[in-house]
Amino acid sequence: MPIVVNLDVMLARRKMRSRELAERIGITEQNVSLLKSGKVRGVRFDTLARICAVLGCQPGDILEYVPGEEPPAEE
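What you see is a predicted model; the values in this text were computed from it and never measured. (Residues numbered from 1 in each chain as written. Predicted model: local features only at pLDDT ≥ 70, side-chain atom pairs only at ≥ 80, totals over all residues. Heavy atoms only, no water.)

## Some points on the overall build of the chain
When helices and strands are counted, the chain shows five helices and two strands. Reading the chain from its N end, one meets helices and strands in the order β-α-α-α-α-α-β. In the chain, which comprises 75 residues, the proportion classed as buried is 27%. Nonlocal contacts in the chain, meaning residues at least 24 apart in sequence, comprise 64% of its contacts between residues at least 6 apart. Total accessible area computed for the chain in this model is approximately 5500 Å², and 50% of it derives from carbon and sulfur atoms. (Helix = DSSP H or I, 4+ residues; strand = E, 2+ residues; numbered from the N terminus. Buried < 20%, exposed > 50% of the residue type's maximum accessible area, 1.4 Å probe, protein only. Contact = heavy atoms within 4.5 Å. Areas by Shrake-Rupley, 256 points an atom, 1.4 Å probe, with all protein chains shown as cover.)

Below is the structure:
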């Protein structure tokens, strides 16, 4: 997938654990783990906004587009 999730990097920079982030944004720790690993197909904008508010960052600090990692187009 061409979108890379850098949530683990932001958590490390803020010296925050997944559990604390989960509690502060109101989702389960397992969902934070899935986000960190990039094993999700999407994220709600309100969840992304809460993450950014707690971590004091922008969405672009968490999500990164990496060209060349795109799946083949369906014909």
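## Quick look at the pattern of salt bridges
All chains considered together, the criterion is met by three salt bridges. The partner of Arg19 in a salt bridge is Glu29, and the shortest N-O contact between them spans 3.2 Å. Remark: Glu29 occurs in helix H3 (residues 29-37) and Arg19 occurs in helix H2 (residues 18-25); sequence separation between them is ten residues. Under the relative-accessibility criterion, Arg19 is labelled exposed at 53%. (Salt bridge = Lys/Arg side-chain N within 4 Å of Asp/Glu carboxyl O.)

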